[in-house]
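Summary of structural features
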Amino acid sequence: ARRRAADTEGSTAAFHAARALAASLRLPRDEARTWMQLAQNASRSGRFDDASQALDAAERLATAENDQPMRAAIIGNRGIVARMRGDFDLASQHYTDAVRLAEELGQPAMQASALNNLGNIHMQRGDYAAALDVLERSQALKPQNDITRARALGNMAVIYGTQGDYDLAIAAHERALA
């Protein structure tokens with residue numbers, strides 16, 4: 001709740017407390033998750049070096065535990081930080097790596113999320129054909145009532161609308177709402 005209210009200082013303190021608790025209970029996956037939350041808070045505040053350090057801490061935990069799904073999530077979060085920093089090339093590489101690892105692990109939800117993020121990068125660059133390709137792949141991986149699928153379809157609708165194809169834009173929005 002604190003994070004939604006833009007209370008970065010309060011939510012950061014809460015995540016540090018949660019991280020310390022997870023560490024004391026020897027719950028490395030939960031500790032890694034809190035590091036990722038701390039990274040998101042830091043990147044939202046423009047503290048990209050802090051975000052990278054938090055993701056490094058999460059990565060050390062995931063590597064020590066050989067937690068490959070957590071590593072894929074961390075790689076995706078590195079993409080988010082790179083995108084927020086304005087480094088679209090690095091963000092694309094992280095998202096591509098996250099897609100590849102999620103696919104290897106048989107994690108379609110994680111793969112769909114990384115594809116959606118990669119589609120956003122292509123959209124920001126104006127490469128609508130590439131964006132539509134990865135967004136189509138993303139939405140195909142998720143069930144009908146999934147938020148990631150709805151986001152991918154919504155992004156596709158924006159592209160179609162930008163290109164002036166309003167029938168396809170409406171159809172994509174209708175699929176997102178179905």
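Here, every reference points to the structure presented above.
Residues numbered from 1 in each chain as written. Predicted model: local features only at pLDDT ≥ 70, side-chain atom pairs only at ≥ 80, totals over all residues. Heavy atoms only, no water.

Moving on, we come to helix α7 (residues 128–140). Quick reminder: α-helices carry 3.6 residues per turn. Residues three or four places apart thus point the same way. Relative to the 18 Å expected for 13 residues at 1.5 Å per residue, α7 spans 18 Å between its end C-alpha atoms, a close match to the ideal helical length. Among the residues of α7, Ala130, Ala131, Leu132, Val134, Leu135, Ser138 and Gln139 are the ones counted as buried. Packed against the buried residues of α7 are α6 (108–125), α8 (147–162) and α9 (166–177). (Helix = DSSP H or I, 4+ residues; strand = E, 2+ residues; numbered from the N terminus. Expected span 1.5 Å × (residues − 1). Buried < 20%, exposed > 50% of the residue type's maximum accessible area, 1.4 Å probe, protein only. Contact = heavy atoms within 4.5 Å.)

Structurally, glutamate 9 can be placed in helix α1 (residues 8–24). Each C-alpha atom of the pair glutamate 9 and arginine 60 lies 25 Å from the other, and the pair is 51 residues apart in sequence.

Further remarks concern the pattern of salt bridges. Going through the model one piece at a time under the given rule, you end up with 10 salt bridges. Between arginine 85 and aspartate 49 there is a salt bridge, with its nearest N and O atoms 3.1 Å apart. Linking arginine 85 in helix α4 (residues 68–85) with aspartate 49 in helix α3 (residues 48–64), this pair joins segments that are 36 residues apart in sequence. The class of arginine 85 is partly exposed, set by a relative accessible area of 42%. Three or more residues are tied together by salt bridges with common partners; here these are Asp56, Glu59, Arg71 and Arg78. (Salt bridge = Lys/Arg side-chain N within 4 Å of Asp/Glu carboxyl O.)

The N-to-C vectors of α6 and α7 enclose an angle of 165 degrees; their axes lie 8 Å apart at closest approach. When the axes of α6 and α7 are compared, the pair comes out roughly antiparallel. Here the hand of the crossing between α6 and α7 comes out left-handed. Listed contacts from α7 to Ala112, Leu115, Asn116, Leu118, Gly119, His122 and Met123 of α6 are Tyr128, Ala130, Ala131, Val134, Leu135, Arg137 and Ser138. Classifying every residue of the contact of α6 with α7 by side-chain character gives nine nonpolar, four polar and one charged. (Axes fitted to C-alpha atoms, helices over the stretch in contact; angles between N-to-C directions. Parallel < 35°, antiparallel > 145°, perpendicular 65-115°, else oblique. Left-handed = near helix turned anticlockwise from the far one by under 90°. Nonpolar A, V, L, I, M, F, W, Y, C, P; charged D, E, K, R; others polar.)

Two elements in contact, α3 and α4, have axes separated by 10 Å at closest approach and are oriented at 170 degrees. One element, α3, and the other, α4, form an angle in the roughly antiparallel class. Between α3 and α4, the contacting residues are Phe48, Asp49, Ala51, Ser52, Leu55, Asp56, Ala58, Glu59, Ala62 and Thr63 on the first element and Met70, Arg71, Ile74, Asn77, Arg78, Val81, Met84 and Arg85 on the second. Partitioned by chemical class, the residues of the contact of α3 with α4 number nine nonpolar, three polar and six charged.

Let's shift gears to the environment of isoleucine 74. Along the chain, isoleucine 74 falls in helix α4. Along the sequence, isoleucine 74 and leucine 55 sit 19 residues apart, while their C-alpha atoms lie 6.6 Å from each other. Beyond its immediate chain neighbours, meaning those up to four positions away, isoleucine 74 contacts Met36, Leu55, Ala58, Glu59 and Ala62.

If you check the backbone angles, arginine 26 has positive phi at about 55 degrees while not being a glycine. The backbone of asparagine 66 sits at a positive phi, close to 50 degrees, despite the residue not being glycine. With respect to the helices and strands, asparagine 66 occurs in the loop between α3 and α4.

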